[in-house]
Amino acid sequence: MTEVPPDIAEHLASPDTLPEWVRFYSAYPTVTAAVQAAGNGESVAVFSSESTAYVQRVVLVEGKPVIEVVLYPASQAREALVTAYLNHTDPEAATAAILHTLPHLLPKGIDLSGIECVVEPSNGPAPRFGFRRRVSAVGLHTWRDYDELHPLGDLHQVLSWHSTGGSIAEGAEAVAILRAHGLPAVGCERCGESLTNRHPSWPGTWVCLSEEYGPRCEEFEDPFEGLHELDTAGIGGPHAPATRDLEPVA
Ligand SMILES: [Zn+2]
């Protein structure tokens, strides 16, 4: 039975601790316990969307224990990345270009030392792109040691849903940056969302990544608007890809 450090006991008892962290810290109250479990072949990971899509894992890399964190651009930033990826005709070239462009989507001055841009395979229409940090777990015993020695810093903040300062580029700003780096990103002229006409469910129709149900542009120009009440419910219509974004990228 692993001893539970007082700060973790307090964290577990707090009503403000999110359930995923209660499960993780209950199973692995110390780094040592997590490393031991990973060494026994257990999958030691916690996914949280507290600030952004975030995963923390303890893994063995070349036999050595490592604490790995991956922060995934979420929401509209992911929409921009993935639609640009789908619009590209060559997935390998698209992946390379996205990995190169990811830091350029962040506000200037974000410290990326020790952080790598990575791609993780998926069974969906596009892989997951993220920012990964790996720290050796050798010599670390408590989670407090880890947090104090290796704070995540600015990156977590700029990817956050509720970022108060600068944040990762989204919408038209992200489309412009991706296009400047050779990726065929396309934005809707009206609603500003990122679009693809190569969504596996809607080939040939411009949709957002999440529009499995078909295009529903919120800024659709509706000639019947105001004539009857149904339209005020905002049912939406086709998107209007911006003409400038339909030009080939350099
Ligand atoms: Zn639109």
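Everything numeric in this text was worked out from a predicted model, so none of it was measured.

(A) Layout of the domain arrangement of the protein. According to the domain assignment, the protein consists of domain 1 (6–73 + 126–158) and domain 2 (77–109 + 169–246). Placing a centre on the C-alpha atoms of domain 1 and another on those of domain 2 gives a separation of 33 Å. In this complex, domain 1 contributes 10 residues to the contact, which on the side of domain 2 involves 13 residues. Our count for the domain 1 to domain 2 interface comes out at zero salt bridges. One can count one residue pair in polar contact (both at pLDDT 80 or more) joining domain 1 with domain 2. Of all the elements in the fold, those that place two or more residues in the side of domain 1 that touches domain 2 are β5 (128–136) and α7 (154–158). For the side of domain 1 that touches domain 2, the element with the most residues is β5, which contributes four residues. Per-class residue counts for the side of domain 1 that touches domain 2 are seven nonpolar, one polar and two charged.

(B) Focus on the coordination of the zinc ion. Every protein donor of the zinc ion is accounted for by Cys 188 (SG), Cys 191 (SG), Cys 217 (SG) and His 239 (ND1), and the metal-donor separations fall at 2.1 to 2.3 Å. For the zinc ion, the four donor atoms in the first shell make angles of 104 to 114° at the metal, so the coordination geometry reads as tetrahedral. Motif for the zinc ion, donor spacing along one chain: C-x2-C-x25-C-x21-H.

(C) Geometry of the sheet that holds strand β4 (residues 115–120). Taken in spatial order, the five strands line up as β1-β2-β3-β5-β4 in an open sheet, and their pairing is antiparallel. Every interior strand has two partners, whereas the edge strands, β1 (44–48) and β4, have only one. Geometrically, the sheet is characterised by an average inter-axis angle of 30° between neighbouring strands, direction not taken into account. Examined bridge by bridge, strand β2 (residues 53–61) and strand β3 (residues 64–72) share nine bridges and lie antiparallel to one another. Residue pairing across strands places Val 55 opposite Val 70, the latter belonging to β3. Sitting on the sheet, helix α2 (residues 19–27) is in contact with β1 and β2, with an inclination near 165° to β1.

Rules and cut-offs
Residues numbered from 1 in each chain as written. Predicted model: local features only at pLDDT ≥ 70, side-chain atom pairs only at ≥ 80, totals over all residues. Heavy atoms only, no water. Domains from an automatic or database assignment. Contact = heavy atoms within 4.5 Å. Salt bridge = Lys/Arg side-chain N within 4 Å of Asp/Glu carboxyl O. Polar contact = N/O pair within 3.5 Å; in protein donor to acceptor, adjacent residues only side chain to side chain. Helix = DSSP H or I, 4+ residues; strand = E, 2+ residues; numbered from the N terminus. Nonpolar A, V, L, I, M, F, W, Y, C, P; charged D, E, K, R; others polar. Donors = N, O, S within 2.8 Å, 3.2 Å for Na, K, Ca; no water. Tetrahedral: all angles 85-135°; square planar, octahedral: opposite > 155°, others 65-115°. Pairing = 2+ DSSP bridges. Axes fitted to C-alpha atoms, helices over the stretch in contact; angles between N-to-C directions.

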